[in-house]
Amino acid sequence: MDKTELLQRIFGYSQFRPGQEELIDGVQAGKDVFGIMPTGGGKSMCYQLPALLLPGITLVISPLISLMRDQVMALKAAGVSAAYINSTLNGAQVQAVYRNLLAGKYKIVYVAPERLDYPGFGNVAAKLPISFLAVDEAHCISQWGQDFRPSYLRIINFIGSLPRRPVVGAFTATATKQVQEDVERILQLQSPVRTVTGFDRPNLYFEVLQPESKDKELRRLLAARSGKSGIIYCATRKKVESVCEDLQDRGYGVTRYHAGLPEEERSANQEDFLYDRKPIMVATNAFGMGIDKSNVSFVIHYNMPKSIEAYYQEAGRAGRDGTDADCILLYSGSDVSTARFLINNGSENEELDPAQREMIHKQDIARLEAMVGYCKTKTCLRGYILEYFGQKHPEICGSCGNCRGGFADVDITKEAQMILSCVKRIHDQLGYWVGVNLIGNVLRGSRNKRIQELGLEELSTYGLLKNRSRSDIHAMIDHLEAEGYLMSEQEHQTVRLTALASQVLYQGKAVEMKVAAEPEEPAPAIGSRKLAGEEADLFDALKELRGKLAQKAGIPAYMVFSNATLTDMAKKRPRTMSEFRKVSGVGEIKAAWYGTAFLKRIQKYMDENE
Ligand code: ADP
Ligand code: MG
Ligand code: ZN
C-alpha cells in the first residue's frame, strides 16, 4: 500500500500536512531525516506512517511516559499494534513485551531513553529487525534547549551497539539554530533530509493582558469559555495550589499538576484531564511535554514564562486539532522578578563546568528579556514570536490582541441595577447576606430547593436575568465588585452592597464592562466555534455520543474522534458508510468500530429537524 492510501485508511486524513511527505519519502528511501515543525504540526505521523510502510520494527525514543502511553493508546484506537517500555511496567510486563517483540507482533515500539542502557533491552534489540529509529522531542539532547535530558546523549551509543545501523530520524518543535546544530551533530545524522516548516499556528489567537487582579481576570476568561478544556500555567507550585483551590471552590472542573505531588496523584490528575473528567488543568511547566490532548481550546499563563521558546511550546498545546484556540498571557511586573529568581536559583546541572554555567545563565537572561518584550510590545504578537524564531511574517496578523484592538466597553447599567437590587432584596428578606451562587440562581430563576425553602421565588427580582448564562452573571457580579459596588466578605463567602451601590440603584449611574470585542456566541461547545445554529446542535449531539463510546471503550473522548473530525462530520452530515469515510480523521478501523453509531445519530438528528 502506498503512503497516501495508508494515511487515509489508518488515520483517516486525505492530505499530508506541510513537511510530512518529504520526511516520509526520505525515510522510505533509507535516508536519515530531521523534521522541525511546530507543536501540533503532525510530527508523529512522520514516524508512525513509515513504521507501517517499512519492514521490521520502528523504535521511537520518547522522553515522557505520558507521551508514550497516549500515543500507543491512540495507535491502538486506530487499529495499529504498538507497545511501550518504560518504568511503569513491572518485570513480567516488560518480559511479555520483549517476547511479543521477538515474535514480530509490533510494528512500532516506544522506549524511554534510560531503557537503552538496560542490558536486557540491549540483548533483545540486537535480535530485532529495527528499520527505523525515531527520536521524538529531539531538542532534549541539547543543553542549549529548554529540556536538556542527559539520558538522550546515550542514544548514539545505543545506535552504535546495534548490529546494523537503522535509518535515524529526529523530530522537534524547537526552532533555534544552536539546538538544531546540536541535534544533528550529537545524533550523527548522515546528510539528513531536513524540513523546517513555518512556525506559524494560524488557528491560535494570542493576547497579553495586564489586569489589576489576575484572579478576577482569570475567572472572567474562564466564564467566557465554559465547557471548554484548557490549561492554566503558573510559575510556582504554590501558585498552582492556590489558583486550583480557588477555582475548585467556585465550582470549576479543575485539577492540578506539579513536580511536588506524589507520582500517583500526578498521573491520576493528568488522566482526569485527558478524559475530560476535569476539563481544566492548573500546572507548572512540569506538565505538558508530550500531552497530545487535541481538544485543548485555551492555554492561559497566569505568570509570564522564562522565554519565548517556553511560552510558544506551552501555549502551542492549545488547538492541536486545528480548531480555533486562545493563548492568553496574564502579565505583571512581579512576573519578571519571579522569572529572574527562578533563573538564578534554577536546578544546577552538575555535568556543567562553571564557564558553561555562566554562559547558560547569560543566555537565560537574554531569553527572559525577549519574553518581557513580548508582553510589552504594541505590535503584532504573532509577528513578534515569528520574528524571534527568524521567520518572515506580515506586519499585521489580524488575530491577536494587539492587531484586533482587544476589548470594547459595553453598557450593563440595566443588568447592574437588577443584580444590585436582587442582592438588596435577598438581604431585606433574610436579614443576612448570601453568596454569589445563590444570587445568580435567584436571578436566573432557578427552582432549586434552597431557593424554595427560603421563599426567594417571591422576590420581584427572581428570574430577571433568566436569559443570561450563569457565567455571564458571575462575570458581571465580579465586575461590580471590582468597580466597588459590591464587596465580598472572605469568611462567610458572602457578597454585600457598598455605599456606592445606591448611585447605580437610585441615581442612574451608568456601568460599563469590558467584553471581548467580538463576543463569542453564547457558550459555544468545545471546538464548535466555527459552526452556527443547526451545525452546532448536531456537533453537540455527536459530542455526546462520542463521550458515551469513549467511556465504553475506556479511552479519552478525543481518541475516538477529534473535535476537528466532529466539526467536519457535522458539516458533511454523511448518510452512508462511504460518505462517512470521507470525513477528515475517519480511518478504516474507526469507521468500522464507530461508523454505524454515528450514522444513526446523524439520521436521527435529520429526522427530528426536517
Ligand atoms: P506534533 O507532535 O508535531 O506536535 P502531533 O503528531 O501530535 O503533532 O499531531 C497533531 C495533530 O495533527 C494530531 O491530532 C494528528 O492526528 C493530526 N494530524 C497529523 N497529520 C495530519 C494530517 N495529514 N491531516 C490532518 N491532521 C493530521
Ligand atoms: Mg509530538
Ligand atoms: Zn497580530
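Look up a bit, the structure's there.
Now for a look at the structure at hand. Since we're looking at a predicted model, the values are computed, not measured.

**Observations regarding the sheet that holds strand E12 (residues 296-301)**
Spatial strand order, E8-E13-E12-E9-E11-E10: six strands in an open sheet with parallel pairing. Every other strand in the sheet has two partners, leaving strand E8 (204-209) and strand E10 (254-257) as the edge strands with one partner each. Strand-to-strand, the axes of this sheet are offset by a mean angle of 15 degrees, without reference to chain direction. Here E8 runs beside strand E13 (residues 325-330); their pairing, made up of six bridges, is parallel.

**Overview of the sheet that holds strand E3 (residues 82-85)**
Strand order in the open sheet formed by seven strands is E3-E4-E2-E5-E6-E1-E7, with parallel pairing between adjacent strands. The strands lining the two open edges of the sheet, one partner per strand, are E3 and strand E7 (193-196). In this sheet, neighbouring strand axes are inclined to one another by 15 degrees on average, regardless of whether the strands run parallel or antiparallel. As defined by bridge partners, strand E1 (residues 33-36) adjoins strand E6 (residues 167-172) across four bridges and the pair is classed as parallel.

**A closer look at the packing of aromatic side chains**
For the structure shown, the criterion picks out 17 aromatic pairs. Between Tyr311 and Tyr374, the aromatic rings sit 5.5 Å apart at their centres with planes inclined by 45 degrees, giving tilted as the arrangement. In this pair, Tyr311 is assigned in helix H12 (residues 308-315) and Tyr374 in helix H14 (residues 354-376), connecting sequence segments 63 residues apart. Each member of the pair, Tyr311 together with Tyr374, is buried. The rings of Phe199, Phe206, Tyr312, Tyr388 and Phe389 are connected pair by pair, giving a single aromatic cluster.

The rules we used
- Residues numbered from 1 in each chain as written.
- Chains lettered and ligands numbered in written order.
- Predicted model: local features only at pLDDT ≥ 70, side-chain atom pairs only at ≥ 80, totals over all residues.
- Heavy atoms only, no water.
- Pairing = 2+ DSSP bridges.
- Helix = DSSP H or I, 4+ residues; strand = E, 2+ residues; numbered from the N terminus.
- Axes fitted to C-alpha atoms, helices over the stretch in contact; angles between N-to-C directions.
- Phe/Tyr/Trp six-rings, centres within 6.5 Å; stacked < 30°, edge-to-face > 60°.
- Buried < 20%, exposed > 50% of the residue type's maximum accessible area, 1.4 Å probe, protein only.

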